[in-house]
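As a plain string of letters, each chain reads:
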Amino acid sequence: MNKNKIIAYSLFSALLVLFIIRLILITKIDLIPEETYYWQWSRHLSLSYYDMSPMIAYTIALTTLFGKLNSQFFVRLAAPAISLLLSFFVFAALKKITGKTLLSLIWAALLNAIPIFNVGSILIVYGNLQMLFFSLTVLLLLYLVITGKNYYWYLIGISAGFALLSKYTAVFIYLIVFIFLLLSKKHRKYFFRKEPYLAFLISIVIFTPVIIWNYFNDFVSFRHLLTLSGGYENFGIFLSNFFLFIISQAGIISPFLFIIIMVSVFAGLYLGLKENNDIYIALSTASLVPFLYFVYQCTKTMVQPNWPVFLYFPAFLLSFVLSLRLYAALRADKIKKIMLYFYGLSFFTGLVFSLIIFIAPYYPVFNPFINVKISKSPLRDMLGWKEMGAQVDKILSAHKKDDLLIAARRFQTASELAYYVKGKPQTYSFNYFIRDNEYSLWNDFKDKKGRNFLYVINTKYGGRLEKSLCRNFSSCSFVKKISIKSKYGQTIRTIKIYILKDFLYKDKFMFKKFSSKEF
């Protein structure tokens, strides 16, 4: 066996070992609020949901065998599987483009050095599925460009439909394909062919359940999306949001890799147009169209770090293709070595960032370096939920005769309680304090008149019981204040627990389907 084959088999083995490690890790970190919320979706299967498309609910329902296997392992099982598939997509795309097996496999393995990719390999959120089907659509587009076989259009339509069922921002696929056809001299002919239009119809048919659901629910999901996008503020707000956007993207990708990727995207578009290279045009368009949209969004709202993640798949592919071209064009061995060292440093930095993300919540030794209290860190969402469920269990046992229903001020807390309280009970969220969400559709307070509630408040979002809520019960009594701590004594979160007896259902507007004014 030659040296290249040994390296290739070693890399394949490394990816499989990494997959197994991730299967172990998914059982070690508490489900974050988004995950328990989507797990709740899987217990209330529907054509679509208030917040987003339904694919995440269907996926969790399948991996848990429709609620028969509700351990963290099965709730999250799709996350490491998707990460392995994405590595394969990188390999398949680059092998098709370059014909280089070993180098393509190395780059596929290096995908696993990107911090946000590592996070996505552990946590199951709807971004995983959008990333999967968006990347598959890009892969199929590349195969169409390289082979010229028209049947890839229909596969693109199917993949785009599933991407839309995963997350609404997959709608970029339509604009990406349109701009690609516009820029490509060779493929412009498809404007006058049936294949892309049939592909579009296939994707819309697959997306139909979401349209039907919204039709029967006053299009609340689409209105919610428009509200989240915000309205234009001012140039100062744009500069602030844009700065935070770039910093956050450099953080989740790692700084040096972010620089390599962004330079590649703009260089790829320039070279693609100059040389009529449709591979470059396709990959740069698939990256730039969503990137420029999120830059535009900075004029209206702060772009969350995870929103643009899907665009980095084509950008990552393009960075390899152009890096290979640059390396071949360099004549001085010294410059080639510098380039290799820089790339090595880039991926090493990504690995370090990935390790810090997973280790920092558990070990306070990192606090002097990152200088963030665990109670204020976004990483706190990985910790303490199981303990919170155990504490609530004790109170429920002590007040068993009151036959308490569980409610929370925030739907995130309600979802964590639904998962971590014994028996995985249905829980409720009093939504008039925050924006509407799927609990707005699940809550049915008309039938709860006369019932008693155990009410949980996360003090980070306000520590007092609301008088307007208490008016709707015969009595409201404080039970306990609990600080959830890590094994090193760090306070993760503090909750207050109340017992609200005899629900009177006085202020009916507070408990109607969409009681909040915010979408």
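Anyway, here's the lowdown on the structure attached to this text. This structure is a prediction, so every number in the text was calculated from the model and none was measured.

1. Side note on the packing of helix 8 (residues 126–147) against helix 16 (residues 312–329)
Between two packed helices, both the angle of their axes relative to each other and the distance between the axes serve to describe the pair. Across the interface, helix 8 lies against helix 16 with an axial gap of 9 Å and an inter-helix angle of 45°. Overall, the two elements helix 8 and helix 16 adopt an arrangement that is oblique. Listed contacts from helix 16 to Met131, Phe134, Ser135, Val138 and Leu142 of helix 8 are Phe313, Pro314 and Leu317. The residue inventory of the contact of helix 8 with helix 16, partitioned by class, reads seven nonpolar, one polar and no charged.

2. Things to note about the sheet that holds strand 3 (residues 452–458)
Pairing is mixed in the open sheet, where five strands are placed in the order 2-1-3-5-4. Among the strands making up the open sheet, the edge pair consists of strand 2 (427–429) and strand 4 (473–485). With strand direction ignored, the average angle separating the axes of adjacent strands in the sheet is 25°. Here strand 1 (residues 404–408) pairs with strand 3 via five bridges, running parallel. Paired with leucine 404 across the bridge in strand 3 is asparagine 452. With respect to the sheet, helix 19 (residues 385–398) is in contact with strand 1, strand 3, strand 4 and strand 5 (491–503), its orientation differing from that of strand 4 by roughly 140°.

3. Side note on the packing of helix 13 (residues 235–253) against helix 15 (residues 278–297)
Interaxial distance between helix 13 and helix 15 falls to 9 Å at its minimum, and their mutual angle equals 140°. One way to sum up the angle between helix 13 and helix 15 is to call them oblique. Contacts between helix 13 and helix 15 involve Phe238, Phe242, Phe245 and Ile246 from the first element and Phe291, Phe294 and Val295 from the second. Within the contact of helix 13 with helix 15, the residues separate by chemical class into seven nonpolar, no polar and no charged.

4. A closer look at the nonpolar core
By size, the foremost hydrophobic cluster in this structure holds 133 residues, and its most contacted members are Trp41 and Val90. It is helix 8 that contributes the most residues to this core, 14 residues altogether. Residues in contact with valine 90, not counting those within four places in the same chain, are Trp107, Ala108, Leu111, Phe313, Phe316 and Leu317. Counting 17 residues, the second-largest nonpolar core is a separate cluster that includes Tyr455, Phe473, Leu500 and Met510.

5. Observations concerning the pattern of salt bridges
Applying the stated criterion to the full structure yields eight salt bridges. A salt bridge links glutamate 195 to arginine 193, with the nearest nitrogen and oxygen atoms 3.7 Å apart. Since its relative accessible area comes to 7%, glutamate 195 is described here as buried. Between lysine 501 and aspartate 402 there is a salt bridge; the shortest N-O distance is 3.4 Å. Here lysine 501 is found in strand 5, whereas its partner aspartate 402 is found in the loop between helix 19 and strand 1, with 99 residues between them in sequence. Look at lysine 501 and you get partly exposed, because its relative accessible area is 32%. For aspartate 402, a relative accessible area of 12% corresponds to the buried category.

6. Some thoughts on the side chain of arginine 493
Relative to the helices and strands, arginine 493 resides in strand 5. Aspartate 381 provides the closest opposite charge to the buried, unpaired arginine 493, separated from it by 4.3 Å. Looking at arginine 493, its side chain comes within polar contact range of the main-chain oxygen of leucine 383, at 2.8 Å. If near-sequence neighbours (up to four positions away) are discounted, arginine 493 is found in contact with Arg380, Asp381, Leu383, Gly384, Trp385, Asn458, Ile482, Ser483 and Ile484.

7. Examining the packing of aromatic side chains
Scanning the entire structure with this criterion turns up 57 aromatic pairs. Seen in terms of ring centroids, tyrosine 168 and phenylalanine 207 are 6.3 Å apart; in terms of plane orientation they differ by 85°. Their pairing is edge-to-face. Of this pair, tyrosine 168 sits in the loop between helix 9 (152–166) and helix 10 (172–183) while phenylalanine 207 sits in helix 11 (residues 195–216), placing them 39 residues apart in sequence. For the pair shown, tyrosine 168 and phenylalanine 207 are each scored as buried. Cluster of aromatic residues (ring-pair linked, three or more members): Tyr428, Phe430, Phe445, Phe453, Tyr455, Phe473, Phe503, Tyr505 and Phe511. The residue whose ring lies beneath arginine 493 is tryptophan 385, and the NZ or CZ to ring-centre distance is 3.5 Å.

8. Considerations on the environment of asparagine 276
Topologically, asparagine 276 is positioned in the loop between helix 14 (255–275) and helix 15. If we ignore the near neighbours within four places in the chain, the residues touching asparagine 276 are Lys185 and Leu271.

9. Details of the state of the cysteines
One way to say it: the disulfide is the covalent bond shared by the sulfur atoms of two cysteines. Overall, the coordinates contain one disulfide when judged by the stated rule. Residue cysteine 470 pairs covalently with cysteine 476 via a disulfide, S to S 2.1 Å. Taking the torsion about the S-S bond as the criterion, the cysteine 470 to cysteine 476 disulfide, at about 135°, is right-handed. Exposure remark for cysteine 470: the relative accessible area of 26% places this residue in the partly exposed category. Overall, the relative accessible area of 23% leaves cysteine 476 in the partly exposed class.

10. Considering the pairing of strand 5
Counting buried positions along strand 5 yields 10 of 13 residues, so the element is predominantly enclosed. Where strand 3 and strand 5 come together, six bridges link them in antiparallel fashion. In the sheet register, isoleucine 457 faces strand 5, and the bridge partner there is lysine 496. Here 11 bridges tie strand 4 to strand 5, and the two strands are oriented antiparallel to one another. Bridging from a neighbouring strand, serine 477 pairs with isoleucine 499 of strand 5.

11. What to know about the side chain of histidine 187
Tracing the backbone through its elements, the reader meets histidine 187 in the loop between helix 10 and helix 11. Once you skip the residues sitting within four places of it in the chain, histidine 187 turns out to touch Leu144, Val145, Phe180, Leu181 and Asp278.

12. Concerning the pairing of strand 1
Of all five residues making up strand 1, five are buried, and the element is well covered by its neighbours. Along strand 1, one buried face is formed by Leu404, Ile406 and Ala408 and the opposite face, lined by Leu405 and Ala407, is buried too. Pairing of strand 1 with strand 2 involves three bridges; the strand directions are parallel. When the bridges of strand 2 are listed, alanine 408 appears paired with serine 429. Each parallel crossover has a hand, and the one from strand 1 via helix 20 (residues 411–420) to strand 2 is right-handed.

Conventions adopted
Residues numbered from 1 in each chain as written. Predicted model: local features only at pLDDT ≥ 70, side-chain atom pairs only at ≥ 80, totals over all residues. Heavy atoms only, no water. Axes fitted to C-alpha atoms, helices over the stretch in contact; angles between N-to-C directions. Helix = DSSP H or I, 4+ residues; strand = E, 2+ residues; numbered from the N terminus. Parallel < 35°, antiparallel > 145°, perpendicular 65-115°, else oblique. Contact = heavy atoms within 4.5 Å. Nonpolar A, V, L, I, M, F, W, Y, C, P; charged D, E, K, R; others polar. Pairing = 2+ DSSP bridges. Core = buried A, V, L, I, M, F, W, Y, C linked by side-chain atoms within 4.5 Å. Buried < 20%, exposed > 50% of the residue type's maximum accessible area, 1.4 Å probe, protein only. Salt bridge = Lys/Arg side-chain N within 4 Å of Asp/Glu carboxyl O. Lys, Arg positive; Asp, Glu negative; His and termini not counted. Polar contact = N/O pair within 3.5 Å; in protein donor to acceptor, adjacent residues only side chain to side chain. Phe/Tyr/Trp six-rings, centres within 6.5 Å; stacked < 30°, edge-to-face > 60°. Lys NZ or Arg CZ within 6 Å of the ring centre and 35° of its normal. Disulfide = S-S within 2.5 Å. Right-handed = clockwise from strand over helix to strand, strands pointing away.

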